[in-house]
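One letter stands for each residue in the lines below.
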Amino acid sequence: MATEQPSIKYDIKDINLAAEGKQRIEWADREMPVLRLIRERFEQEKPLAGVRLVACAHITTETANLARTLQAGGAEALLIASNPLSTQDDVAASLVADWGIPVMAIKGESIETYVSHVRAALDTNPNMIIDDGSDVVATMLKEKQDLVQNLIGTTEETTTGIVRLKAMQKAGVLNFPSIAVNDAQTKHFFDNRYGTGQSTLDGVIRATNILLAGKTVVVVGYGWCGKGVAMRARGMGANVVVTEIDPIKAIEAVMDGMRVLPMKDAAKIGDFFITVTGNRHVIDKEHFEAMKDGAIVCNSGHFDLELNLDALREMSEPAVKRRPFVEEYISKNGGKSVIVLGEGRLINLAAAEGHPASVMDMSFANQALSAEYLVKNKGSLENGVHVLPAEVDQEIAGLKLRAMGINIDELTPEMLEYMSSWETGT
Ligand code: ADE
């Protein structure tokens, strides 16, 4: 139930957790210099003045710093969870208590509560939506199409959400502009690769406390997230096997030194399985059947549909909880078990804290600048999926490098001239 206190509506676990949340939000902020610079400018310029904004995101310390930035820019922001298991309850409490930012998110909330928060957020009649997975936008298009008339635009954080937006565009229902934040280079090169790489293994290790060295880790999908997970698993001494459906990505994996196998063969040899495909049932009944006793399975893709858990439940006795975020499924016929982490939800946010702040700094700089871009270009952007101009990407990268104290070279006039001519050859 939403509470109305002090002067805002919120639905969080416990407001008394605020002090710890504030400390952690400020700790993360130290690693977010680019977002901080944007926040300082937003405080002066108020580019989001009067914008009613709904942000559907993982409620983490990093998201809190994005929310502070949007607030500094003049937006009236309401935050809801983009996943029932990823909310950090102390962060939600601090946002309400220390910044007066309404939040509706509770770690472990039911699907019904999750959906009720999406609907309550839409009831505020937002003129901007920051989405992570496209649940708010999809719900609006299914249930409340009249809200589109007040919409300046939306932004989307993740690959999965952009796939959904493109499906909406193809179906002719995307009748507003939407910025595909994930498509910025300063987002997916770093957040998806280094962020998912580190935080996924962090989640697996926190959940299980099992040594990865010498284990066979099967990484399902070799997109930017899969590359990061595979690279970091190998760095910890695992034998990494990659499965793919895209021949080009498969060659990439081979040339990165990974072993590439079809899932039916990988299923027999893996100690750990980590899905990062964005697709449905990439580990299915026959794969669970083929796994070794005690194989550990988890997902780091956006939605909890990559593992066919219904099939596993049907094959197994009721799950036995072994540790937080660790459930063992013992098969009905023969005692073999499969261990599932984090209920098949994003393991990096369920059992760990999501991507570290340093990469979210660039992701959320893109979010803040996308919100500003939508306002600046209100009425002139075509309906459909957009990417931020390349100069914005370059600017974010430049600011990040400067914050890291790293200098790089510039093109000399001679180089520039060479680059713009076609006449010079052998
Ligand atoms: N997605 C992955 N990691 C995240 C984080 N730390 N905060 C918000 N969204 C995330």
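Each value, and the rule that gives it
- Residues numbered from 1 in each chain as written.
- Predicted model: local features only at pLDDT ≥ 70, side-chain atom pairs only at ≥ 80, totals over all residues.
- Heavy atoms only, no water.
- Domains from an automatic or database assignment.
- Near = heavy atom within 4 Å.
- Polar contact = N/O pair within 3.5 Å; in protein donor to acceptor, adjacent residues only side chain to side chain.
- Areas by Shrake-Rupley, 256 points an atom, 1.4 Å probe, with all protein chains shown as cover.
- Helix = DSSP H or I, 4+ residues; strand = E, 2+ residues; numbered from the N terminus.
- Nonpolar A, V, L, I, M, F, W, Y, C, P; charged D, E, K, R; others polar.
- Pairing = 2+ DSSP bridges.
- Contact = heavy atoms within 4.5 Å.
- Axes fitted to C-alpha atoms, helices over the stretch in contact; angles between N-to-C directions.
- Patch = residues over 30% accessible without salt bridge, like charges linked within 9 Å, V, L, I, M, F, W, Y side chains within 5 Å.
- Salt bridge = Lys/Arg side-chain N within 4 Å of Asp/Glu carboxyl O.
- Phe/Tyr/Trp six-rings, centres within 6.5 Å; stacked < 30°, edge-to-face > 60°.
- Buried < 20%, exposed > 50% of the residue type's maximum accessible area, 1.4 Å probe, protein only.
- Core = buried A, V, L, I, M, F, W, Y, C linked by side-chain atoms within 4.5 Å.

So, the domain arrangement of the protein chain
And step 1. As far as domains go, the protein chain holds domain 1 (15–187 + 355–403) and domain 2 (210–301 + 304–344).
And step 2. Relative to domain 2, the C-alpha centre of domain 1 lies at a distance of 31 Å.

Here we look at the site of the ligand
And step 1. Near the ligand you find His58, Thr60, Glu62, Thr63, Leu349, Glu353, Gly354, His355, Met360 and Phe364, and these make up its full shell.
And step 2. Between the ligand and Thr60 there is a distance of 2.7 Å, counted from a nitrogen atom to a side-chain nitrogen or oxygen.
And step 3. In this structure, a nitrogen atom belonging to the ligand sits 2.9 Å away from a side-chain N or O atom of Glu62.
And step 4. Burial of the ligand by the protein amounts to 94% of the accessible area it has alone, namely 260 Å².
And step 5. Contributing elements (two or more residues each) for the shell around the ligand: α3 (61–72) and α15 (357–376).
And step 6. Here the residues of the shell around the ligand sort into 3 nonpolar, 5 polar and 2 charged.

Considering the sheet that holds strand β12 (residues 272–275)
And step 1. Strand order in the open sheet made by the 8 strands is β11-β10-β9-β12-β13-β16-β15-β14, with mixed pairing throughout. Each having just a single partner strand, β11 (259–260) and β14 (320–323) make up the two edges of the open sheet.
And step 2. Relative to strand β16 (residues 337–341), strand β13 (residues 295–299) is paired through 3 bridges, and the arrangement is parallel. Opposite Ile296, over in β16, you have Ile339 as the bridge partner.
And step 3. Across the sheet, helix α8 (residues 185–208) is in contact with β12, β13, β14, β15 (326–330) and β16; its angle to β12 comes to roughly 140 degrees.

So, a nonpolar patch on the surface
And step 1. On the surface, Leu411, Met415, Leu416, Tyr418 and Met419 cluster together into a nonpolar patch covering about 560 Å² of accessible area.
And step 2. Considering the arrangement of structural elements, one finds Leu411 in the loop between α16 (390–403) and α17 (413–420).

Looking at the packing of aromatic side chains
And step 1. In total, this model carries 3 aromatic pairs according to the counting rule given.
And step 2. Note on Phe189 and Phe190: the rings are 6.2 Å apart at their centroids and 80 degrees apart in plane angle, and the pair reads as edge-to-face.
And step 3. Overall, the relative accessible area of 27% leaves Phe190 in the partly exposed class.
And step 4. Taken together, the ring pairs connect Phe189, Phe190, Tyr194 and Trp224 into an aromatic cluster.

Some words on the nonpolar core
And step 1. The biggest cluster of nonpolar side chains holds 53 residues, and the ones touching the most others in it are Leu53, Leu70, Leu79, Leu95 and Val103.
And step 2. By residue number, the principal contributor to this core is α15, which donates 9 residues.
And step 3. Leu70 has contacts with Leu48, Leu53, Ala75, Ile130, Ala368 and Ala371, leaving out every residue within four places of it along the chain.
And step 4. By size, the runner-up hydrophobic cluster in this structure holds 26 residues, among which are Leu212, Cys225, Val242 and Met258.

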